[in-house]
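Tertiary structure, described
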Amino acid sequence: MNQPSFSERLPRISFERRLTAPWWLAWVIPIASVTLALLTGALIIASQGVNPWEAYKAMFMGAFGSGFGMAETLVKAIPLMLAGLGVSIAFRMKLWNIGAEGQLWMGAWAAAGVGLYLYPAWHLPPWLAITLMMLAAMLAGGLWGAIPGLLKGVLQVNEIITSLMLNYVAISWVLYFVDILWRDPGGLGFPNTALLDRAIWLPKLTWIPFLPPGNRVHFGLIIAIVAAVILWFLLNRTKWGYEVRVIGENPEAARHAGMPIVRNIILVMIVSGALAGLAGMAEMSGVAHRLQRGLSPGYGYTAIIVAWLAKLNPFGVLLVAVLFGGLLVAGDQIQLTMNLPRSISDILQGLILFFVLGGEIFSRYRIRIR
Amino acid sequence: MTESNVQQSDIAVEMRDIVKRFPGVIANDHVTFIAKRGEIHALLGENGAGKSTLMNVLAGLYAPEEGEIFINGRKMTFHSPRDAIEAGVGMVHQHFRLVPTLTVVENVVLGLDEPRFKLNLEEATQKIEALAEQYGLKITPDAFIWQLSVGEQQRVEIIKALYRGAQILILDEPTAVLTPQETVELFSTLRSMAAKGHTIIFISHKLDEVTAISDRVTVLRAGKVVAVVEAKDVTKEKLAELMVGRPVIFRLEKPEVAPGQEVLRAEDLHALNNKGLPALKGVSFTVRAHEIVGVAGVSGNGQAELSEALYGLRPLQKGKIYLNGQNITKAPTREIIRQGVAQVPEDRHKEGSIGDMDLAENLILKNYRQPPISRGPVISWKYVFDFAKTLIRRFDVKAPGIHTRARLLSGGNLQKLILARELSSDPALIIAMHPTQGLDVGATESVRELLLQERSKGAAILLISEDLDEVMQLSDRILVIYEGEIMGEVPADRADRNEIGLMMAGARQETLNHHETVAA
């Protein structure tokens, strides 16, 4: 009589919210997600006529298989760590700061200003100049973060849009200095400033064992680790960190507890921007030693992925940053040795984020098929 | 009652061995439910007993995992509410399914297949008026929903079901939003519907109503049917015992305490609601130490705004608030908390707790700024954990430990957690909004007892509740609020339900027959 309709014959898939998740799920889901991302990436690599297994092996060996590779991985990880920490604290409060890239550039710019002009003009001792460069970078990045923070806190303007758009403003602003105002007259027309005085480069960490001599790992690594410890302490041990977490989890409950929400929105955006600014200073003073075009290949954006994959845990950020630093180094590696486009590493970044975000649903919901 | 007593042809609804599971719970565990034609059948049970689930199955909203449904003897499989409506089952939900910007007629015909193309609203209007006439439902067909009171909106929902030819009408806690007078009206409508052969299924946890209106009662407890009884053969006490599973004491010990000094004085409060419309229009009252002042009223008459304004969460346009003689009108919430004002918020989950944080972190929400919880900028977790353990024990919060996340607690335990936090500071004033809403009988008892204990200890308590019984039972004085104004004040020992009901519907005390002054 009554034929079941098409939709009734399909298996019914329903999502049921989990109240509790088994402990192993927290490990199985990310591992499975990354594995699936790599398998999907393998298809893309294979489509380029390259054996994916060989490509992955080359990537892994390139990034982690040698002392030199490891050192380069750490070099790339440093800005990711600092910017990732910055992004993570904003995300804790559900402030979607997409502006780490711009805050990083502003930090690099302010630090370069101090290093190139104040340091020689005031005859500062190098340690003081480096400290001032760090403070200037944090100030500039923090102020750049404060703009979307103020707009969000006072006028309820969406911070995703403002922080993202300010990236373009920041980069254009800095390049105006690089190309015109601060351009190195002896630079043979290259778009960069003069080199910083060697005395105010962030010192190299030559004492780390296993790393080959002449590697580029610099003091920024120490700064990042210290920043992570401080951030962890602030979040977990202080009244302010408690406020940030409560506001992030349930702003209405925070309001009922009399927490200063607007003030914290602005403050967290400043801290977030300051950390990203520090990333810019470290990259400028520790690696490039000057302000130049292409100083950041998008560290501020990759930092968003890093923070998210680390589940906003400061120490997790350090770890994930190393993995993503490795991915960047591996991208360069396979371009040279396997004749694959470097953008493969961008594709892998995207795939990993995609699968990890998608996988999160399994930690919060149980899928039932009837 | 056995099945043989029921004539086969009398049976309008038969649900047999219904099983419906949700993650972690069996909401309906082999439930068999039978309702006869022309009867008013109450479905009684505590919150979480599975009443609404069972009726949502009957209304086609949930598909049961096991079991069968027969309507008028015919086996049915409902894939959607539409199937259920076609079979003559209509449901009036607790939260109405109406579009505020459309008129009554438009809401009634919304979603119907007929007419197929051109709306014939005049015809629909006539049909609605005929139905309204037939069942004594007062309704204005061309009024917009947003213009109607909650009681009127409920009538629209009933008309909507009748318009679709519902022979079986399910009402989910219909009196929760009504004044006593509106309840009386609803009951007379339901009786006339039953007399015309409709089957009314009435979900409730209020015993007075169940005994007042129903012919038969099915009692559910923890997903199972524990009894099916004739309403005339059973006492309220017996029903309560069936529902809860143990004898229930109805009278709370309310010790005689003389009120002390004035703690809270509100003078001429004016405030806007979230839409920018006046929500409080000149509210004035006082609350003294050792005193519970109840605020009765139908929901949405300014209670939420009053609670927020007193707690510094909503700016006042006009008026003054004094706490122990000090002007706190413009004080921020943080300062009001520091002055010893505790709050039991309306929404336990959204306002009162942080679901993904643990119990310890939830317990310090109001005092994390004070030593010894924190010294300088640093929180002493060691102290916090001790503090939390003590409170959990003292307030009997049932949880595996202080590191359990708050959202895993049941409603009653979460409310105890909130009370533990709010009362731990020995507050001078407690603003309690719907403190027992949605709680089972046991938890309700302990929450009420806690409030009475605080009263004995000397707290001033403002009790805002839609549950008139609760207000009458706990309060020393009762204020009735209607559209942001206090309609009148009555001492609880001379309170008359009828008088309060009229004030809840907007009558001013001065205009009512003042029998108490006459008597005095």
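Residues numbered from 1 in each chain as written. Chains lettered and ligands numbered in written order. Predicted model: local features only at pLDDT ≥ 70, side-chain atom pairs only at ≥ 80, totals over all residues.

Before going further, it helps to spend a moment on the overall build of chain A. What chain A contains, in helices and strands, is 14 helices and 2 strands. For chain A, the C-alpha radius of gyration of 23 Å lies close to 21 Å, the compact-globule estimate for 370 residues. Across its three principal axes, chain A shows a C-alpha extent of roughly 95 × 60 × 40 Å. When the 370 residues of chain A are sorted by exposure, 46% land in the buried category. Relative to all contacts within chain A whose residues are 6 or more apart in sequence, the contacts with residues 24 or more apart total 78%. (Helix = DSSP H or I, 4+ residues; strand = E, 2+ residues; numbered from the N terminus. Rg over C-alpha atoms; globule rule 2.2 N^0.38 Å. Buried ≥ 20, exposed ≤ 12 C-beta atoms within 10 Å, placed from the backbone. Contact = placed C-beta atoms within 7 Å.)

For the rest of this paragraph, the subject is the overall build of chain B. If you tally the helices and strands in chain B, you get 17 helices and 22 strands. What you see for chain B is a C-alpha radius of gyration of 25 Å, in line with the 24 Å of a compact globule of 520 residues. Dimensions of chain B, computed from the C-alpha atoms along their principal axes, are close to 70 × 55 × 50 Å. Per-residue burial for chain B yields a buried fraction of 44% across its 520 residues.

Looking now at helix H9 (residues 239–249) of chain A. The buried fraction of H9 of chain A amounts to 8 of the 11 residues, a majority that puts the element mostly inside the structure. Where H9 of chain A is concerned, the buried positions are Gly241, Tyr242, Glu243, Val244, Arg245, Val246, Ile247 and Gly248 of chain A. Here the buried face of H9 of chain A lies against helix H4 (67–92), helix H8 (220–237), helix H10 (251–256) and helix H11 (261–288) of chain A together with strand S18 (378–379) of chain B.

Before going further, it helps to examine the sheet that holds strand S1 (residues 11–22) of chain B. Residue and element names in this part refer to chain B. Pairing within the open sheet is antiparallel, and its 4 strands lie in the order S2-S1-S4-S5. With partners counted over all chains shown, the strands left at the sheet margins are strand S2 (25–36) and strand S5 (74–76), one partner each. Pairwise comparison of adjacent strand axes, ignoring direction, gives a mean angle of 25° for this sheet. Looking at chain direction, S1 and strand S4 (residues 66–71) are connected through 5 bridges and run antiparallel. Looking across to S4, one finds that Val13 is bridged to Ile71. (Pairing = 2+ DSSP bridges. Axes fitted to C-alpha atoms, helices over the stretch in contact; angles between N-to-C directions.)

Residue and element names in this part refer to chain B. Where burial is concerned, most of strand S9 (residues 216–221) is hidden: 5 out of the 6 residues are buried. Bridging between strand S3 (residues 40–44) and S9 involves 4 bridges; their strand directions are parallel. Directly across from Leu43, in S9, lies its bridge partner Thr218. Where S9 meets strand S10 (residues 224–230), 6 bridges bridge the pair, whose relative direction is antiparallel. Paired with Val219 across the two strands is Ala227, which belongs to S10. What sits between the antiparallel neighbours S9 and S10 is a turn of 2 residues, in which Ala222 has the positive phi angle 45°.

Let us now look at the confidence of the model for chain B. Residue and element names in this part refer to chain B. The share of residues in chain B with pLDDT of 70 or more is 95%, and the mean pLDDT across the chain is 89. Counting interchain partners and residues more than four positions distant, the pLDDT-below-50 stretch residues 1–5 has 1 contact. Scored below 50 in pLDDT, residues 516–520 shows 1 contact in the model against residues more than four places distant or in partner chains. Taken together, the chains of this predicted complex give a pTM of 0.82 and an interface ipTM of 0.86. (pLDDT = per-residue confidence, 0-100.)

For the rest of this paragraph, the subject is the domain arrangement of chain B. Residue and element names in this part refer to chain B. One can read the domain layout of chain B as domain 1 (3–244), domain 2 (253–340 + 427–520) and domain 3 (355–424). In this structure, domain 2 and domain 3 have C-alpha centres spaced 27 Å apart. Tallying the contact residues gives 12 residues for domain 2 and 8 residues for domain 3. Per-element accounting of the side of domain 2 that touches domain 3 gives the leading share, 5 residues, to helix H14 (residues 441–457). When grouped by side-chain class, the residues that make up the side of domain 2 that touches domain 3 number 8 nonpolar, 2 polar and 2 charged. (Domains from an automatic or database assignment. Nonpolar A, V, L, I, M, F, W, Y, C, P; charged D, E, K, R; others polar.)

Okay, the interface of chain A and chain B next. Counting residues at the interface gives 20 residues for chain A and 26 residues for chain B. Of all elements in the fold, only strand S1 (13–17), H9 and H10 of chain A reach the threshold of two or more residues within the side of chain A that touches chain B. No other element matches the 5 residues that H9 of chain A contributes to the side of chain A that touches chain B. Of the residues assigned to the side of chain A that touches chain B, the class counts are 6 nonpolar, 4 polar and 10 charged.

All names here are of chain B. Taken together, 4 strands build an open sheet; the order of strands is S12-S11-S14-S15 and the sheet is antiparallel. The open sheet has two edge strands, strand S12 (278–288) and strand S15 (326–327), and neither has a second partner. As judged from the 8 bridges shared by strand S11 (residues 262–272) and S12, these two strands associate in the antiparallel manner. Across the sheet, Ala271 pairs through a bridge with Leu280, a residue of S12. Against the sheet, helix H9 (residues 303–310) contacts S11, S12 and strand S14 (318–323), and its axis sits at roughly 60° relative to S12.

This brings us to the environment of Phe285 of chain B. Residues and elements named next belong to chain B. The topology assignment puts Phe285 in strand S12. On a C-alpha basis, the gap between Phe285 and Pro332 in space is 21 Å, while along the polypeptide they are 47 residues apart. Excluding residues within four positions of it along the chain, Phe285 makes contact with Ala266, Val293, Leu479 and Ile486.

Let's shift gears to the environment of Phe33 of chain B. Residue and element names in this part refer to chain B. Inspection of the secondary structure puts Phe33 in strand S2. Residue Phe33 is classed as buried on the basis of its 23 C-beta neighbours within 10 Å. Among all residues touching Phe33, those that are not within four sequence positions of it are Met15, Leu54 and Thr218.

Residue and element names in this part refer to chain B. Along the chain, Pro371 connects to Pro372 via a cis peptide bond; the corresponding omega equals 0°. Considering the arrangement of structural elements, one finds Pro372 in the loop between helix H11 (359–363) and strand S17 (374–375). In the Ramachandran plot, His290 falls in the positive-phi region, its phi being about 60° despite a non-glycine side chain. Summarising the element assignment, His290 is placed in the loop between S12 and strand S13 (291–296). According to the C-beta neighbour criterion, His290 is buried, with 20 such atoms within 10 Å.

As a further point, take the environment of Gly241 of chain A. Residues and elements named next belong to chain A. For Gly241, the location among the structural elements is in helix H9. By the C-beta count within 10 Å, which is 20 here, Gly241 ends up buried. In this structure, Gly241 is in contact with Leu234, Leu235 and Asn236, ignoring residues within four places of it in sequence.

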